[in-house]
Every structure is written in C-alpha cells, then in structure tokens.
Amino acid sequence: MKNKDIKKVMVIDDTSSITEALGEWLKIGGVQDVVLFDNPIEAIEEIKKNGAPDFIVTDYNMPEMNGVEFLDNVSQRHDINALIMTAYPSEVKFKNKQEYEVIEKKLGFMQTIVQKIKGDQELDN
C-alpha cells in the first residue's frame, strides 16, 4: 500500500466524539476526504452506493456488528486497507484468515492512526 496515495478515509465508531476528533486529526494530517459513521450498517450502505474508500478505520466494539465482522463484510466485495481501534485489544477476535492491525485507544492513538495512514512522515502540530 502506498500511504501517500490515500485520499479518502472512512471512520466508523459508535462514539461520535471519537469519530469527529479522529476526522479532524486526519484532515490536519492531509487526508482530503474523510467520511464519518457511528453505525456500521450505514457505512456498509455507503460503500455499496459509492464504493470503498482508500482506507477504513473502525472501532471493534459496536452495536449490531463488531469491527472484524464489518471489515469481513466489506472485504467480500472490495479490496480494502484497514485498521481496528479498540479500548480492549486483547478482546479482538479474528475468525477469518484476514487480520488487521489493532490500535489501542490510549493517549496519542489518533496521532498514531494518522501516521499509519499517511506513512511515517512527521505531523505538524
């Protein structure tokens, strides 16, 4: 994956304050198009209508389906780059062969996510 080619990122988390804050971090980090969802079902519908984004960041623990289930659903129809964020990394369970990087929600995790998406370049604060 060429991180510098990422133009559109989708963020899914049932806590709107996290999606909004991470969305701002991504914009500051240079992502041109950030789409935010607090519901994985709505995010799947968006992907069905408009195609997959360049990168997906999803929470693991959400109502209706967890982040792995969400990514498995999307990856059946699209080639995706993604990572999972969670407050409880030891609880993340992968059922299929695809594993995604897991980022723990702790101090500095949003900056870590932006750096993973944009590459190892320094971010301006």
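In short, a report on the structure.

Comments concerning the pattern of salt bridges
Turning to step 1, where the next piece is worked out: A full pass over the atoms with the stated rule returns 4 salt bridges.
Turning to step 2, where the next piece is worked out: Between Lys48 and Glu45 there is a salt bridge, and its shortest N-O distance comes to 3.6 Å. With Lys48 and Glu45 both in helix 2 (residues 40–50), this residue pair falls 3 residues apart, about one helical turn.
Turning to step 3, where the next piece is worked out: Between Asp59 and Lys105 there is a salt bridge, with its nearest N and O atoms 3.1 Å apart. Of this pair, Asp59 sits in strand 3 (residues 55–59) while Lys105 sits in the loop between strand 5 (101–104) and helix 4 (109–118); the two residues are 46 residues apart in sequence, bridging distant segments of the chain.

Brief notes about the packing of helix 2 against helix 3 (residues 67–75)
Turning to step 1, where the next piece is worked out: As a packed pair, helix 2 and helix 3 sit with axes 11 Å apart at the nearest point and diverge in direction by 15°. What the angle tells us is that helix 2 and helix 3 run roughly parallel. Crossing angle aside, the handedness with which helix 2 passes helix 3 is right-handed. Residues Pro40, Ala43, Ile44 and Ile47 of helix 2 pack against Phe70, Asn73 and Val74 of helix 3.
Turning to step 2, where the next piece is worked out: Here the residues of the contact of helix 2 with helix 3 sort into 6 nonpolar, 1 polar and no charged.

Overview of the side chain of Thr86
Turning to step 1, where the next piece is worked out: Mapped onto the fold, Thr86 is located in strand 4 (residues 82–86).
Turning to step 2, where the next piece is worked out: Take Thr86: its relative accessible area is 2%, and that puts it in the buried class.
Turning to step 3, where the next piece is worked out: If sequence neighbours within four positions are ignored, Thr86 has contacts with Asp59, Tyr60, Val92, Val102, Ile103, Glu104 and Lys105.

Details of the nonpolar core
Turning to step 1, where the next piece is worked out: One finds Met10, Ile12, Ile56, Phe70, Leu71, Val74 and Ile80 to be the most contacted residues of the largest nonpolar core, which totals 20 residues.
Turning to step 2, where the next piece is worked out: Of all the secondary structure elements, the ones that give two or more residues to this core are strand 1 (8–12), strand 2 (33–37), helix 2, helix 3 and strand 4.
Turning to step 3, where the next piece is worked out: For this core, the leading source of residues is helix 3, giving 4 residues.
Turning to step 4, where the next piece is worked out: The contact partners of Ile80, leaving out residues within four places of it in the chain, are Ala52, Ile56, Leu71, Val74, Ser75 and Tyr100.
Turning to step 5, where the next piece is worked out: In this structure, Ile6, Val11, Val31 and Val114 belong to the second largest nonpolar core, which totals 18 residues.

A closer look at the packing of helix 1 (residues 16–28) against helix 4
Turning to step 1, where the next piece is worked out: Running from N to C, helix 1 and helix 4 cross one another at 50°; their axes reach a closest spacing of 9 Å. Classed by the angle they form, the pair helix 1 and helix 4 counts as oblique. When the axes of helix 1 and helix 4 are compared, the crossing they make is right-handed. Side by side, helix 1 and helix 4 meet where Ile18, Ala21, Leu22, Trp25 and Leu26 of the first sit next to Phe109, Met110, Gln111, Ile113, Val114 and Ile117 of the second.

Digging into the environment of Leu83
Turning to step 1, where the next piece is worked out: Position of Leu83 relative to the elements: it lies in strand 4.
Turning to step 2, where the next piece is worked out: Put simply, Leu83 and Val11 are 72 residues apart on the chain and 10.0 Å apart in space, counted from C-alpha to C-alpha.
Turning to step 3, where the next piece is worked out: Leu83 has contacts with Phe55, Ile56, Val57, Thr58, Tyr100, Glu101, Ile103, Ile113 and Lys116, leaving out every residue within four places of it along the chain.

About the thresholds
Residues numbered from 1 in each chain as written. Predicted model: local features only at pLDDT ≥ 70, side-chain atom pairs only at ≥ 80, totals over all residues. Heavy atoms only, no water. Salt bridge = Lys/Arg side-chain N within 4 Å of Asp/Glu carboxyl O. Helix = DSSP H or I, 4+ residues; strand = E, 2+ residues; numbered from the N terminus. Axes fitted to C-alpha atoms, helices over the stretch in contact; angles between N-to-C directions. Parallel < 35°, antiparallel > 145°, perpendicular 65-115°, else oblique. Left-handed = near helix turned anticlockwise from the far one by under 90°. Contact = heavy atoms within 4.5 Å. Nonpolar A, V, L, I, M, F, W, Y, C, P; charged D, E, K, R; others polar. Buried < 20%, exposed > 50% of the residue type's maximum accessible area, 1.4 Å probe, protein only. Core = buried A, V, L, I, M, F, W, Y, C linked by side-chain atoms within 4.5 Å.

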